[in-house]
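Here is how the chains run, residue by residue.
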Amino acid sequence: MSSGSTAKVPTRPRTRLSRRRRLIHSGVAWSVVAGDGAFAALDLGTNNCRLLVARASVDGFEVVDAFSRPVRLGEGVALNGSLCGDAIERTLGALDVCAAKIARHKVTRARHIATEACRRACNGDDFLSLVRQRTGLSFEVIPAAEEARLALASCENLLDPEIPYGLLVDIGGGSTEVCWIEIGRAGDRGGGVAIKLLDMISLPWGVVTLTEDCIRARPRDQRVERACYDGMVERIREGLRPFCARHGIGQAIARGEVQMIGVSGTVTTVSAHHLGLKRYSRAAVDGSCIGRDQILRICDELAGLSVSDLTALPCIGDDRADLALAGGAILEAICRQWPTARVRVADRGLREGVLMDLMRQADREACSVRP
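Undergrad: Pulling in residues and values, what's your account of the overall build of the protein?
TA: Within the protein, the secondary structure is distributed over 14 helices and twelve strands. Scored against the burial criterion, the 371 residues of the protein give a buried share of 56%. At a minimum sequence separation of 6, the contacts of the protein that also span at least 24 residues come to 74%. A total accessible area of about 15,500 Å² is found for the protein, and carbon and sulfur atoms account for 48% of it.

Here it is, written out as structure tokens:
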């Protein structure tokens, strides 16, 4: 989306946290950390600003507060290489809210991460200095490999230990990461999974950057030509083919040895659409499965709609409508390149991975000083 786009950005925070606190079961049993204060994970991406504040529970963690706002920080970065003024102001407003929540909950351990937009923009460091001065929040710009590791850490208990390999796909705003992983049983963890990250790839195309490069500045009621959509699909497949060939992924899929898990707003939105949800429900979407044929059917359906048409669909709405076509093209490219029978859907990602890291560290430290 270009800086001149007419797409609306909400000014009020959005959260999926229900009145009842949200429990995330990780399969990890903490030793002594359950009462160790509040933890915070803040993920500043190309498209969204997301915060989770949580406390450890018996076998995972309990979310006590959450925040998500589509700030579009990466707006225009693909075109001019820098963060623009409007995007900076939107993001600062969201981070003011996050800083207040972190202070209110008396967070004792936190990690604040920034991803592709800040990696790519020439003024990314200056922006983060401004953030620190205004909000007191210090951000770490993480590489794509760390993004992949955190996304994988958040999804361990959704993997099937009986299927030896996996593809974890994270379609972001500024990039798309794919992890190629080996999976087995972990006998010392109550039948959990043992995961080895074999390799990963980061494509410089996410829903924002692909939209800006291919379909920006079109009237909202005008459908995109099929040739343009197919070109986006082919662009992504072209980036995936060398990675696929290097690891023989196609052959492993043909042997039935590969599972796929999708971690992104694109995948959760397609799942919600498939389930026929009128309002988004994390409980219904997280951990669900959707067949490859159903994904391709939905992507084909969405490809024939204008932004105005997409706005009217439940679980897409105005927040996601102008990015949905690019997201569908990326997801379709992945499913065509790697024809696994189904995709497991994860409504979780970097924040959950950060929280798991923080709680593991606290647990280790607590165990080391316990008499």
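Undergrad: Kindly report on the pattern of salt bridges, identifying the contributing residues and their values.
TA: Tallied over the entire structure, the rule returns 25 salt bridges. Two residues, Arg-255 and Glu-257, come together in a salt bridge whose shortest N-O distance is 3.1 Å. Overall, the relative accessible area of 22% leaves Glu-257 in the partly exposed class. Taking the shortest distance from any N to any O, the salt bridge between Arg-282 and Asp-286 comes out at 3.1 Å. You'll find Arg-282 and Asp-286 in the same group, each marked buried. Bridged by salt links that share partners, the residues Arg-111, Glu-140, Glu-146, Arg-149 and Asp-357 form one connected network.

Undergrad: Before we move on, can you summarise the packing of helix H6 (residues 207-214) against helix H7 (residues 226-247) with the specific residues and values?
TA: H7 packs onto H6 with a crossing angle of 135° between their chain directions and a minimal axis gap of 11 Å. Comparing their axes, H7 and H6 come out oblique. In this structure, the crossing between H6 and H7 has a hand that is right-handed. In this structure, H6 contributes Leu-210, Asp-213 and Cys-214 to the contact, and H7 contributes Cys-228, Met-232 and Arg-235. In the contact of H6 with H7, the residues fall into four nonpolar, no polar and two charged.

Undergrad: Hey, could you go over the packing of aromatic side chains for me, with residue numbers and the actual values?
TA: Counted according to the given criterion, the structure contains two aromatic pairs. Ring geometry for Tyr-165 versus Trp-180: centroids 5.2 Å apart, planes at 10°, classification stacked. Here Tyr-165, found in strand S7 (residues 165-171), pairs with Trp-180, found in strand S8 (residues 176-186); they are 15 residues apart in sequence, far enough to count as distant. Since its relative accessible area comes to 22%, Tyr-165 is described here as partly exposed. Directly above the ring of Trp-205 sits Arg-235, whose terminal nitrogen or CZ lies 4.6 Å from the centroid.

Undergrad: Account for the pairing of strand S5 (residues 107-114), with residues named and values stated.
TA: Both strand S2 (residues 38-44) and S5 contribute to a ladder of seven bridges, which runs parallel. Looking at the pairing, Leu-44 lines up with Ala-114 of S5. Bridge count for S5 against strand S6 (residues 140-141) is two bridges, and the pairing is parallel. Bridging from a neighbouring strand, Ala-114 pairs with Val-141 of S6.

Here is what the cut-offs are and how they apply
- Residues numbered from 1 in each chain as written.
- Predicted model: local features only at pLDDT ≥ 70, side-chain atom pairs only at ≥ 80, totals over all residues.
- Heavy atoms only, no water.
- Helix = DSSP H or I, 4+ residues; strand = E, 2+ residues; numbered from the N terminus.
- Buried < 20%, exposed > 50% of the residue type's maximum accessible area, 1.4 Å probe, protein only.
- Contact = heavy atoms within 4.5 Å.
- Areas by Shrake-Rupley, 256 points an atom, 1.4 Å probe, with all protein chains shown as cover.
- Salt bridge = Lys/Arg side-chain N within 4 Å of Asp/Glu carboxyl O.
- Axes fitted to C-alpha atoms, helices over the stretch in contact; angles between N-to-C directions.
- Parallel < 35°, antiparallel > 145°, perpendicular 65-115°, else oblique.
- Left-handed = near helix turned anticlockwise from the far one by under 90°.
- Nonpolar A, V, L, I, M, F, W, Y, C, P; charged D, E, K, R; others polar.
- Phe/Tyr/Trp six-rings, centres within 6.5 Å; stacked < 30°, edge-to-face > 60°.
- Lys NZ or Arg CZ within 6 Å of the ring centre and 35° of its normal.
- Pairing = 2+ DSSP bridges.

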